[in-house]
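Inside the fold
One letter stands for each residue in the lines below.
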Amino acid sequence: MASRQFTIHRYLPGDREGIARLIVGIQQGEFGIAIGYDDQPDLKDIPGFYQTGSGDFWVARAGGAVVGTVALKDIGNGQTALRKMFVDAAWRGREHGVAQSLLDTAIASARGRGVREIVLGTTAKFLAAHRFYEKNGFAEIAADVLPPAFPRMKVDTKFYRLDLTAFAAA
């Protein structure tokens, strides 16, 4: 079976409702996290929060619907925080390639903007996410070595970093 088609683009104001529906739906429905749209001020001001410095926000769309998101938050010192990596359940998996395309887009952008390191936090129960990040070169790190400006979330218990300088000579 051929994979369904999707596109990836930088955030546009018309994406906001679909982004909120996707992210909050996954947070509440799949993972039982007691968080809503109003609890996430970054989603209310994506350009001001993410699309500054080396940061940005991307959206995957299929058939007009938002099916995935990923963001980089510039935290200074040549570092960004990977945030808001969400993919609709129907679009997950290697056969669709949405998550991989979103991550590849974010990493390519970070490299192009001179970012040296991408850091992320996740929860211990997101086992598939752990495997995905590790497969993509992220290494687990201890919380006590996180950059001082890293925006740690209450639910984050596991942390990863990707050293972009390690591949600079390749």
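Residues numbered from 1 in each chain as written. Predicted model: local features only at pLDDT ≥ 70, side-chain atom pairs only at ≥ 80, totals over all residues. Heavy atoms only, no water.

**Thoughts on the pattern of salt bridges**
Note the following rule: Any carboxyl oxygen of Asp or Glu that lies within 4 Å of a side-chain nitrogen of Lys or Arg is treated as forming a salt bridge with it. Secondary structure elements follow DSSP: runs of H or I of four or more residues count as helices, runs of E of two or more count as strands, with numbering from the N terminus. For the exposure calls, accessible area comes from a 1.4 Å probe over protein chains only, and a residue counts as buried if that area is under 20% of its type's maximum, exposed if over 50%, partly exposed in between.
As enumerated under the stated definition, the model contains ten salt bridges in all. Linking arginine 92 and glutamate 30 is a salt bridge whose minimum nitrogen-to-oxygen distance equals 2.8 Å. You can see arginine 92 sitting in the loop between strand 4 (79-87) and helix 4 (98-112) and its partner glutamate 30 sitting in helix 1 (residues 16-30), a full 62 residues away along the chain. The partly exposed category is assigned to arginine 92, whose relative accessible area is 33%. Overall, glutamate 30 belongs to the partly exposed group, its relative accessible area being 38%. Several salt bridges share partner residues, and in doing so they unite Arg10, Asp56 and Arg113 into one network.

**Focus on unusual backbone geometry**
Residues other than glycine seldom take positive phi values, yet asparagine 77 does so here, at roughly 55 degrees. Relative to the assigned elements, asparagine 77 resides in the loop between strand 3 (65-76) and strand 4. The backbone phi angle of lysine 84 is positive, close to 55 degrees, even though this residue is not glycine. On the secondary structure map, lysine 84 appears in strand 4.

**Observations regarding the environment of valine 59**
With respect to the helices and strands, the residue valine 59 is situated in strand 2 (residues 56-62). For valine 59, a relative accessible area of 0% gives the class buried. A sequence separation of 33 residues divides valine 59 from arginine 92, and the C-alpha atoms of the two residues are 14 Å apart.

**Focus: the nonpolar core**
One recurring pattern in soluble globular proteins: nonpolar side chains tend to sit buried together. Stated precisely, the cut-off is as follows: Joining through side-chain atoms within 4.5 Å is the link that ties buried Ala, Val, Leu, Ile, Met, Phe, Trp, Tyr and Cys residues into a set, and such a set is a nonpolar core. Contact criterion: two residues are considered in contact whenever any of their non-hydrogen atoms come within 4.5 Å of each other.
Formed by 25 residues in total, the largest nonpolar core has its most connected members in Leu82, Leu102, Ile118 and Phe138. Where this core is concerned, the elements lending two or more residues are strand 2, strand 3, strand 4, helix 4, strand 5 (117-122), helix 5 (127-135) and strand 7 (158-163). In terms of residue count, helix 4 provides more of this core than any other element does, six residues in total. Excluding residues that lie within four positions of it along the chain, leucine 102 makes contacts with Ile8, Trp58, Val59, Ala60, Gly68, Thr69, Val70, Met85, Phe86 and Val87. Judged by nonpolar contacts, the second largest core, of 13 residues, contains Leu22, Ile26, Val66 and Ala71.

**Focus on the packing of aromatic side chains**
Basically, it comes down to this: What counts as a ring pair is set by centres within 6.5 Å for rings of Phe, Tyr and Trp (its six-membered ring), and what kind of pair is set by the plane angle: stacked under 30 degrees, edge-to-face over 60, tilted for all other angles.
One pass over the full model with this rule turns up nine aromatic pairs. Between tyrosine 11 and phenylalanine 57, the ring centres sit 6.1 Å apart and the planes meet at 75 degrees, which makes this aromatic pair edge-to-face. With tyrosine 11 in the loop between strand 1 (7-10) and helix 1 and phenylalanine 57 in strand 2, this residue pair connects regions lying 46 residues apart in the sequence. Here the two residues tyrosine 11 and phenylalanine 57 agree in accessibility, since each one is buried.

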